[in-house]
Amino acid sequence: MRPRTPSPPPPPPPVDTGPHRARAPVPGARPSRRPGAWTPWLYLLPALVLLGALLVYPVWQLGLISFLEYTQAQVSGGEPTSFQGFGNYTALFSDPQFRQVLLATVVFAAACVVTTLAVGCALAVLLTRVRALPRLALMLAALGAWATPAVTGSTVWVFLFDPDFGPVNRLLGLGDFSWTYGRYSAFALVLLEVVWCSFPFVMITVYAGIRAVPTEVLEAAALDGASQWRIWRSVTAPMLRPILVVVTIQSIIWDFKLFTQIYVMTNGGGIAGQNLVLNVYAYQKAFASSQYSLGSAIGVVMLLILLAVTLVYLRLLRRQGEEL
């Protein structure tokens, strides 16, 4: 029997010696960036430039003025501008009225946020329970309240609760009771108007999130005997947590920097400034008293507070394992 001859080995692959042959990576060398890696940034460049002009520069000017002595004398050129360091902030925090206004702003904004979220979420759940025609009517009414300008809505609410001509006092039998005379009644009136014009955003957003929840999950919870409140608290709300984060942060920002409703409904902050909030207080310092540096310092304090609240809220959510 003839022995089998082994087959020859396969020829080696051809070596590319052209100008575009692939080069082996050099150890320790930084990887080269792809040719199109900068393309997304080129598309985003116009928006970044616009945001820089509308956001970064005003914030920079706000912070700069807060460290200067900048009053009407410096604006008119009668006196030179001088650097004060943290002097404006020291004067601000040593003012008892500022501390009182800061506390009132925090409490009032928290009440507005909680009430707005409660009303918006409750009506969002109601939208999932009613038929198409009542749902459409409620959504149109809510969008009408949301689209109403703040000045117009505040003026209408002041007329509704007017002690002489308003229909609310007549319906409630309150006579000539003035809602804007007392501190707490004025804050309550403004809170009602703020909730009226703010809950549609929460309602529509949460309703869209509820419609995205799988019906199989809700039906399974109902078959297990869970009540509607238990389904909302244990099933729906955890699945809507990213949406609730967005509406909560938006409500905090809107309600903390409230200006128009307070200014219009309490005639600039109430009797002896009893209904002042930080935004109205900053306006009075900057434009009524011409203390532009103190008004800018109040604006910086508001910016830092809102930034801190947002970062803390997001950090707590990420600790719970939620990715936004």
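Structure shown above.
Residues numbered from 1 in each chain as written. Predicted model: local features only at pLDDT ≥ 70, side-chain atom pairs only at ≥ 80, totals over all residues. Heavy atoms only, no water.

Student: In this structure, what is going on with the layout of surface pockets? I would like to understand it.
Tutor: Gaps left between atoms show up when a probe the size of a water molecule is rolled over them. Of the volumes computed, that of the largest pocket is approximately 720 Å³. Considering the residues around the largest pocket, the lining is formed by 27 residues, among which Val125, Ile210, Trp232, Thr236 and Ala237 are closest to the centre. Those elements that place two or more of their residues in the lining of the largest pocket are α4 (96–127), α8 (183–212), α9 (215–223), α10 (228–239), α11 (241–256) and α14 (292–319). Among the elements that line the lining of the largest pocket, the one with the most residues is α10, at six residues. Looking at the lining of the largest pocket residue by residue, the class counts come to 17 nonpolar, six polar and four charged. In terms of lining residues, the second largest pocket is bounded by 15 residues, among which Leu62, Asn279, Gly299, Met302 and Leu303 are the most central. Of all the secondary-structure elements, those providing two or more residues to the lining of the second largest pocket are α1 (39–66), α13 (278–288) and α14. At seven residues, α14 tops the list of elements feeding residues into the lining of the second largest pocket. (1 Å grid on protein atoms, 1.4 Å probe; cavity = no way out; pocket = protein on both sides within 12 Å on 5 of 7 lines; lining within 4 Å. Points joined across faces, edges and corners; volume = space filled by probe spheres on them. Helix = DSSP H or I, 4+ residues; strand = E, 2+ residues; numbered from the N terminus. Nonpolar A, V, L, I, M, F, W, Y, C, P; charged D, E, K, R; others polar.)

Student: What exactly am I supposed to notice about the packing of aromatic side chains here?
Tutor: We describe a pair of aromatic rings using the distance from one ring centre to the other and the angle between the two ring planes. Per the counting criterion, the structure on display carries 19 aromatic pairs. Summarising the aromatic geometry, the rings of Phe177 and Trp179 are spaced 5.3 Å apart at their centres and angled 80 degrees between planes, so their arrangement reads as edge-to-face. Taking 6.2 Å as the distance between ring centres and 80 degrees as the angle between the ring planes, the aromatic pair formed by Phe287 and Tyr292 counts as edge-to-face. The exposure class of Phe287 is exposed, given its relative accessible area of 57%. (Phe/Tyr/Trp six-rings, centres within 6.5 Å; stacked < 30°, edge-to-face > 60°. Buried < 20%, exposed > 50% of the residue type's maximum accessible area, 1.4 Å probe, protein only.)

Student: What am I meant to see in the packing of α4 against α8 here?
Tutor: What describes two packed helices is the angle between their axes and the distance between those same axes. In contact at an axis separation of 6 Å, α4 and α8 are set at 40 degrees when each is read in the N-to-C sense. Considering their axes alone, α4 and α8 lie oblique with respect to each other. In the crossing of α4 with α8, the sense of the turn from one axis to the other is right-handed. Looking at the contact of α4 with α8 residue by residue, the class counts come to 22 nonpolar, five polar and one charged. (Axes fitted to C-alpha atoms, helices over the stretch in contact; angles between N-to-C directions. Parallel < 35°, antiparallel > 145°, perpendicular 65-115°, else oblique. Left-handed = near helix turned anticlockwise from the far one by under 90°.)

Student: Where do I start with the nonpolar core in this structure?
Tutor: A general tendency of soluble globular proteins is for nonpolar side chains to be buried together. Phe98, Phe108, Val190, Ile262, Leu278 and Ile298 are the most contacted members of the largest nonpolar core, which has 34 residues in total. Elements with a contribution of two residues or more to this core: α3 (87–93), α4, α8, α12 (260–265), α13 and α14. The contact partners of Ile262, leaving out residues within four places of it in the chain, are Phe108, Phe187, Val190, Asn267, Gly268, Gly269, Asn275, Val277 and Val280. In this structure, Val113, Val206, Ile210 and Val247 belong to the second largest nonpolar core, which totals 20 residues. (Core = buried A, V, L, I, M, F, W, Y, C linked by side-chain atoms within 4.5 Å. Contact = heavy atoms within 4.5 Å.)

Student: Where do I start with the environment of Val125 in this structure?
Tutor: Within the secondary structure, Val125 is located in helix α4. Note on Val125: relative accessible area 25%, which makes it partly exposed. Those residues in contact with Val125, other than ones at most four positions away along the chain, are Ile210 and Trp232.

Student: I'm lost on unusual backbone geometry in this one. Help?
Tutor: Across the chain, the bulk of peptide bonds are trans and the bulk of non-glycine residues have phi less than zero. In the Ramachandran plot, Ala272 falls in the positive-phi region, its phi being about 55 degrees despite a non-glycine side chain. Within the fold, Ala272 resides in the loop between α12 and α13. Classification of Ala272 as exposed rests on a relative accessible area of 81%. Phi at Ser290 takes a positive value of approximately 60 degrees, unusual for a residue other than glycine. With respect to the element layout, Ser290 can be found in the loop between α13 and α14.

Student: Would you mind going over α4 with me for this structure?
Tutor: One full turn of an α-helix is made of 3.6 residues, so residues set three or four places apart face in the same direction. The terminal C-alpha atoms of α4, which comprises 32 residues, lie 46 Å apart, in line with the 46 Å expected from a rise of 1.5 Å per residue. Taking the backbone nitrogen of Gln97 as reference, a side-chain oxygen 3.2 Å away marks Asp95 as the first, capping residue of α4. (Expected span 1.5 Å × (residues − 1). Polar contact = N/O pair within 3.5 Å; in protein donor to acceptor, adjacent residues only side chain to side chain.)

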